[in-house]
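Listed below are the residues making up each chain.
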Amino acid sequence: MRIPLCEPYIKGNEWKYIKDCLDTNWVSSVGTYVNKFEELVSDYIGVNYGVATVNGTAAIHTALMVLGVGPGDKVLVPSLTFIASVNPICYCGAEPVFIDSEVNTFNIDPEKTIDKIEQMVKKGNKPKAVIVVHLYGHPADIDPIAEVCKKYDIKLIEDATEALGSKYKGRMVGSLGDIACFSFNGNKLITTGGGGMLVTNNKKWADHARYLIQQAKDDPENFIHNNIGYNYRLTNIQAALGVAQFENIEEFIESKRTTAMTYNKLLSKIPGITVNPEMEWAYNCFWLYSILIDEKEFGINSKTLLEKLNLRGVMARPFFKPLHHMPMFRKYDADIHVADWLWERGLNLPCSVGITLEEIQQVVDTICEIREEK
Ligand SMILES: *Cc1c(COP(=O)(O)O)cnc(C)c1O
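The paragraphs below set out a description of the structure included in this document. None of the values given here were measured: they were computed from a predicted structure. (Residues numbered from 1 in each chain as written. Predicted model: local features only at pLDDT ≥ 70, side-chain atom pairs only at ≥ 80, totals over all residues. Heavy atoms only, no water.)

**Things to note about empty space enclosed by the protein**
The full count for this structure, using the stated rule, is 2 cavities of 30 Å³ or more. Quantified by volume, the largest cavity comes out at close to 60 Å³. Lining of the largest cavity is provided by 14 residues; of these, Glu7, Pro8, Tyr9, Lys188 and Leu189 occupy positions nearest its centre. The class makeup of the residues in the lining of the largest cavity is 7 nonpolar, 4 polar and 3 charged. There are two domains that each give the lining of the largest cavity at least three residues, and those are domain 1 (14-246) and domain 2 (249-373). Here the second largest cavity defines a volume of roughly 40 Å³. (1 Å grid on protein atoms, 1.4 Å probe; cavity = no way out; pocket = protein on both sides within 12 Å on 5 of 7 lines; lining within 4 Å. Points joined across faces, edges and corners; volume = space filled by probe spheres on them. Nonpolar A, V, L, I, M, F, W, Y, C, P; charged D, E, K, R; others polar. Domains from an automatic or database assignment.)

Structure below.
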């Protein structure tokens, strides 16, 4: 038995649309699927513009550049996230300021974010931007952060790479800040193999992003470039895959949510397990299903449980290791406790679109077996 964590689900028009690219010879960075994919995603989020990129990391990097983040600038970001939320800050020569998470959503703590901004403003050291991550699909409590950003003219970026389809107080994730970034990596809700997109309501930013990701061509005929650009454009073949995947997005989210509800029901009776939260103001796409293990009550800690699950073919994964521990980031002050607390306890369980009820039951049975053996 092997139950993977989160695999792509290819059951629709993927073959057909890719074949269309090959048949018509539109394989590279120009072609109708790129525009179509940008339109589909931006319409779905309810924003005016979408700019497709080679991956989510490139989308975040481009968003930071477009919003004017540069050398010496400070950017607030949660410590509990995937490293691709933070590396682009460094590509810009700026510095991350790590913020702690809150227990209920696993996301950046709004109060601590506001306190940090107020402190920095007082010292004349106003941050340039905040990156809010919607971790594992659960929306961050972004309104209080958006308010303080507005007050001090600080740019707000959503790293929505894990939360396509999630909603915050009824509003789509990805429409809540200045620019939002999505990823279509193989493990994300929908995939283009590798790919990403930034979305925004601001035409100037969208145009600038489009310019930067295509080598900053000022006069393409005569090869005139007046700025350093990047080769970050998504190809037509990848976009074709994305268009086909997108046609099934509602079904994918439905599957993720059903899986989460099933796990919640089966796991909530087991002592020592806290099931995946969903705040009353949130609609979670449940990209990755998460649990917290309390060692005292459960009998073993999350790391031991993880090892034993993996040995038995249940491909659970630990939470991201909080990034202020990484050698290149240790030089930055960080007052972080909750993120570490969550990291010690957190596990993600298998939840591919298309996972069967039997497989979910097997995951739960295996967890119970391991608990009883201890
Ligand atoms: C996947 C992911 C990214 C980056 O996406 P890629 O397409 O893999 O570059 C960024 N941030 C978070 C939180 C992610 O999970």
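**Some points on the sheet that holds strand E1 (residues 49-53)**
Pairing between the strands of a sheet comes from backbone hydrogen bonds, and it takes one of two forms, parallel or antiparallel. Strand order in the open sheet made by the 7 strands is E1-E9-E8-E5-E4-E2-E3, with mixed pairing throughout. Of all strands in the sheet, those with a lone pairing partner are E1 and strand E3 (95-99), marking the two edges. Neighbour-to-neighbour, the strand axes of the sheet open up by a mean angle of 20°, direction not taken into account. Bridge count for strand E8 (residues 179-183) against strand E9 (residues 196-200) is 4 bridges, and the pairing is antiparallel. Looking at the pairing, alanine 180 lines up with valine 199 of E9. (Pairing = 2+ DSSP bridges. Helix = DSSP H or I, 4+ residues; strand = E, 2+ residues; numbered from the N terminus. Axes fitted to C-alpha atoms, helices over the stretch in contact; angles between N-to-C directions.)

**Observations regarding the packing of aromatic side chains**
Tallied over the entire structure, the rule returns 12 aromatic pairs. The structure contains a cluster of three or more aromatic residues connected by ring pairs, namely Phe82, Phe106, Tyr136, Phe319 and Phe320. Its guanidinium or amino end placed over the ring of tryptophan 287, lysine 188 lies 5.6 Å from that ring's centre, counting from NZ or CZ. Here arginine 371 stacks its cationic end above the ring of phenylalanine 298, 5.7 Å away from the centre of that ring. (Phe/Tyr/Trp six-rings, centres within 6.5 Å; stacked < 30°, edge-to-face > 60°. Lys NZ or Arg CZ within 6 Å of the ring centre and 35° of its normal.)

**Description of the state of the cysteines**
Taken as a whole, this structure holds 0 disulfides when the rule is applied. A disulfide-free cysteine, cysteine 90 has its sulfur positioned 9.0 Å from the sulfur of cysteine 92, the nearest such atom. Judged by relative accessible area, which is 32%, cysteine 90 ranks as partly exposed. Cysteine cysteine 285 is unpaired, with the sulfur of cysteine 351 as its nearest cysteine sulfur at 9.7 Å. Among the residues examined, cysteine 285 registers a relative accessible area of 0% and is labelled buried. (Disulfide = S-S within 2.5 Å. Buried < 20%, exposed > 50% of the residue type's maximum accessible area, 1.4 Å probe, protein only.)

**Remarks on unusual backbone geometry**
The backbone phi angle of alanine 216 is positive, close to 50°, even though this residue is not glycine. Its location among the elements puts alanine 216 in the loop between helix H7 (203-212) and helix H8 (236-246). Classification of alanine 216 by relative accessible area gives buried; the value is 0%. A positive phi angle, near 55°, is found at phenylalanine 223, a position not held by glycine. Counting through the fold element by element, phenylalanine 223 comes out in the loop between H7 and H8.

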